[in-house]
Amino acid sequence: MVRAEGVRKRFGVTEVLKGIDLEVGRGEVLCVIGPSGSGKSTLLRCINHLEKIHGGRLSVDGELVGYQQRGDRLYELREREVARKRAEIGMVFQHFNLFPHMTVLGNIIEAPCRVKKVARDEAIERAKRLLDQVGLAGREDTYPRQLSGGQQQRVAIARALAMEPKLMLFDEPTSALDPELVGDVLDVMRDLARSGMTMFVVTHEMGFAREVGDKLVFMDDGVVVEAGVPRDVIANPQHERTRNFLSKVL
Amino acid sequence: MTAADDSTGAASHLKAVPVRHPGRWVAAAVIAVVVAMLIHSFLANPLYDWGRIGRTLFAAPILRGTLKTLELTVLAMVVGIAGGILLAVMRLSPNPVLSASSAFYIWFFRGTPVLVQIVIWYNLSYLYKHISLGLPFVHVTFVTFSTNTLISQFGAAILGLGLNEAAYMAEIVRAGILSVDEGQSEAASALGMPSSLIMRRIVLPQAMRIIVPPTGNETISMLKTTSIVIYIALPELFTSAQNYINTTFVSIPYFIVACIWYLAMTSVLTIGQGYIERYYGRGSNRNPPSGGFLERMGRALRFGRPWLPGRDQMVLSTGNNGD
Ligand SMILES: Nc1ncnc2c1ncn2[C@@H]1O[C@H](COP(=O)(O)OP(=O)(O)OP(=O)(O)O)[C@@H](O)[C@H]1O
Ligand SMILES: [Mg+2]
């Protein structure tokens, strides 16, 4: 579903991604861990073209991100086409980023109605089912600020799912939450993984990574240091840097 | 025995005495005297001529002038706000041509007096007899208008006031847009929304919270700025008052009449602004204030002290030496 080959990204002169190779298969859950500033968020944002890469190849579902290949040439996509591609990829942010001026229902149906042109009734119907799925049935008319952090994050997940994405990106979805609220969000993500969603999760929840993840990638300083089955990587890390990091988070 | 010696159980029997504010009573007395003196001077001085004010307050020319002022203000602000939003979006656009054009517009229209702009619009027919749409230098014309039919007195006023206002509104709108967290447009892009939709549905509605208060300021300021169209002899409120002055050679009472109407319109605008702010503030508070301006004023002006939860059971937890 996602394939990265030698992906490079720099901000100004500092290179943040220094040739990333990884692959996520359909229905797989990939967890990414690594110290602050190692480029995890940047990689995630490159996948739905919120950031532009400067080298290597990055493709989602067999199509290059941000470009179209015709013959032996790559054509940069126009904004509308990039937007259409992004609509197929859900993204959940560390700080939720719900739209505060819209109700929970408004947040969820906005993109389906305005981007996919789904009929309003149908979108509402679906939104209610999604809210039920994330354990927030009946909260349609509340405004985001009236919800707890954990509830807001679950609304954000429902909002992303409303576009029926084929891939979900999570950027530290629980690290802005109080410890007792983390569980609810992880439960929703676990259910989602069981339902066969392809997921790319940046997280520090090692329990979640071990239990739900199919792959675990450890990144440091813009490179993939170590990748493998979560259980193995956590139990006996091959690299000194991985060992160091794990000793701090476990 | 002092309160500090009491156990916490005994402290609950103590009566709490609120802080006294003798200063407030002194201030109230001083202000009451000053106000009474002012009112007396208004009533006792025949030069105010309240009879004349009463007679002209609802006179037809004054009412027509008031309506014209209102019309000018509304239309100029519509042009100003629409233009301001357009200019602000252009200014923030990644397209350097649009951004520079907007900057130039703002520089020019803020940098020249609005009076001159109005007079130039009014006298445009002196500079250009006809206005035609076509390609420059190659003598291709599509349509031609006579300038005088295109820009009337009223049109010149709206153009002058509105286009000038747009330059100021552009900066207000830009500040509003910049105040919205970047995460908002990022989340919207991630949902596949194109940038025009993001601006219209996500960013601008949130920017409105920042945009509305200074826009209220601008509208009230515009209400009074419209009086400068007296230079192109457009009969709005101030001009109407001036006409009375020119025929009767009495000025103060007519100026008071105009001020009463300006104040009345300002009051209505202020109340309207409160409602607009409440609309755009929805979802921005955990406990949104209930009721509009009138209800809140009603509550604030109600006689007696506001009810405080548990005021009667206030407990002193630290000692005092009041015995
Ligand atoms: N827009 C930007 N401009 C310049 N530098 C940036 C920008 N975004 C990120 N960086 C830099 O890129 C590096 C990687 O950032 P990134 O956010 O990807 O790290 P991260 O692994 O997600 O860290 P964290 O765990 O703290 O979220 C950091 O050194 C950061 O300073
Ligand atoms: Mg990050």
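My aim in this report is to walk through the structure given alongside it, one point at a time. (Residues numbered from 1 in each chain as written. Chains lettered and ligands numbered in written order. Predicted model: local features only at pLDDT ≥ 70, side-chain atom pairs only at ≥ 80, totals over all residues. Heavy atoms only, no water.)

1. Let's talk about the overall build of chain B
Inference 1: Counting its secondary structure elements, chain B contains 14 helices and two strands.
Inference 2: For chain B, with 323 residues in total, the buried portion stands at 33%.
Inference 3: Counting only contacts in chain B whose residues sit at least 6 apart along the sequence, the fraction spanning at least 24 positions is 71%.
Inference 4: For chain B, the accessible surface area stands at approximately 20100 Å², while carbon and sulfur atoms represent 67% of it. (Helix = DSSP H or I, 4+ residues; strand = E, 2+ residues; numbered from the N terminus. Buried < 20%, exposed > 50% of the residue type's maximum accessible area, 1.4 Å probe, protein only. Contact = heavy atoms within 4.5 Å. Areas by Shrake-Rupley, 256 points an atom, 1.4 Å probe, with all protein chains shown as cover.)

2. Structural notes on the site of ligand 1
All names here are of chain A.
Inference 1: Neighbouring residues of ligand 1: Phe11, Val16, Pro35, Ser36, Gly37, Ser38, Gly39, Lys40, Ser41, Thr42 and Glu172.
Inference 2: The contact in question runs from an oxygen atom of ligand 1 to an N or O atom on the backbone of Ser38, over 3.2 Å.
Inference 3: Between Ser41 and ligand 1, the recorded distance is 2.6 Å, taken from a side-chain N or O atom to an oxygen atom.
Inference 4: Top element by residues in the shell around ligand 1 is helix H1 (residues 40-47). It accounts for three residues. (Near = heavy atom within 4 Å. Polar contact = N/O pair within 3.5 Å; in protein donor to acceptor, adjacent residues only side chain to side chain.)

3. Considering the layout of surface pockets
Gaps left between atoms show up when a probe the size of a water molecule is rolled over them.
Inference 1: In this structure, the largest pocket encloses a volume near 1100 Å³.
Inference 2: In terms of lining, the largest pocket is formed by 34 residues, of which the most central are Glu79 of chain A together with Ser185, Ser189, Ser195 and Ile198 of chain B.
Inference 3: Mapped onto the lining of the largest pocket, the elements with two or more residues apiece are helix H2 (79-86) of chain A together with helix H9 (153-179), helix H10 (182-190) and helix H11 (195-225) of chain B.
Inference 4: When residues in the lining of the largest pocket are grouped by element, the largest group, seven residues, is from H11 of chain B.
Inference 5: Across the lining of the largest pocket, the residue classes tally to 15 nonpolar, seven polar and twelve charged. (1 Å grid on protein atoms, 1.4 Å probe; cavity = no way out; pocket = protein on both sides within 12 Å on 5 of 7 lines; lining within 4 Å. Points joined across faces, edges and corners; volume = space filled by probe spheres on them. Nonpolar A, V, L, I, M, F, W, Y, C, P; charged D, E, K, R; others polar.)

4. Quick word on empty space enclosed by the protein
Inference 1: The tally for this structure, following the rule as stated, stands at two cavities of 30 Å³ or more.
Inference 2: The computed volume of the largest cavity comes to approximately 140 Å³.
Inference 3: If you trace the largest cavity, you find 15 residues lining it, with Val60, Val65, Gly66, Lys85 and Ile89 of chain A closest to the centre.
Inference 4: The set of elements that each furnish at least two residues to the lining of the largest cavity consists of strand S5 (63-64) and H2 of chain A.
Inference 5: The element contributing the most residues to the lining of the largest cavity is H2 of chain A, with three residues.
Inference 6: Grouping the amino acids of the lining of the largest cavity by side-chain chemistry returns seven nonpolar, three polar and five charged.
Inference 7: What lines the second largest cavity is simply Met91, Phe93, Ala156, Arg159 and Ala160 of chain A together with Ala187, Ala190 and Leu191 of chain B.

5. Here's the deal with H2 of chain A
Inference 1: Three or more residues of H2 of chain A are buried, namely Val82, Ala83 and Arg86 of chain A. For H2 of chain A, the buried positions fall inside an angular range of 100 degrees around the axis, keeping them on one side. Relative to its buried face, H2 of chain A has exposed residues pointing more than 90 degrees away, namely Arg80 and Arg84 of chain A.
Inference 2: Looking at the buried positions of H2 of chain A, the neighbouring elements they touch are strand S8 (89-92) of chain A together with H10 of chain B. (Arc of directions from axis to C-beta.)

6. Quick look at the side chain of Gln117 of chain B
All names here are of chain B.
Inference 1: Within the secondary structure, Gln117 sits in helix H6 (residues 114-122).
Inference 2: Side-chain polar atoms of Gln117 contact the side chain of Thr112, separated by 2.8 Å.
Inference 3: A distance of 3.3 Å separates the side chain of Gln117 from the side chain of Asn164, its partner in a polar contact.
Inference 4: With near-sequence residues (within four places) excluded, Gln117 lies in contact with Phe109, Thr112, Gly160 and Asn164.

7. Concerning the side chain of Ser38 of chain A
Inference 1: Structurally, Ser38 of chain A can be placed in the loop between strand S3 (29-33) and H1.
Inference 2: Sequence-distant contacts of Ser38 of chain A, that is, excluding residues within four places in its chain, are made with Val16, Met219, Asp220, Asp221 and Gly222 of chain A.

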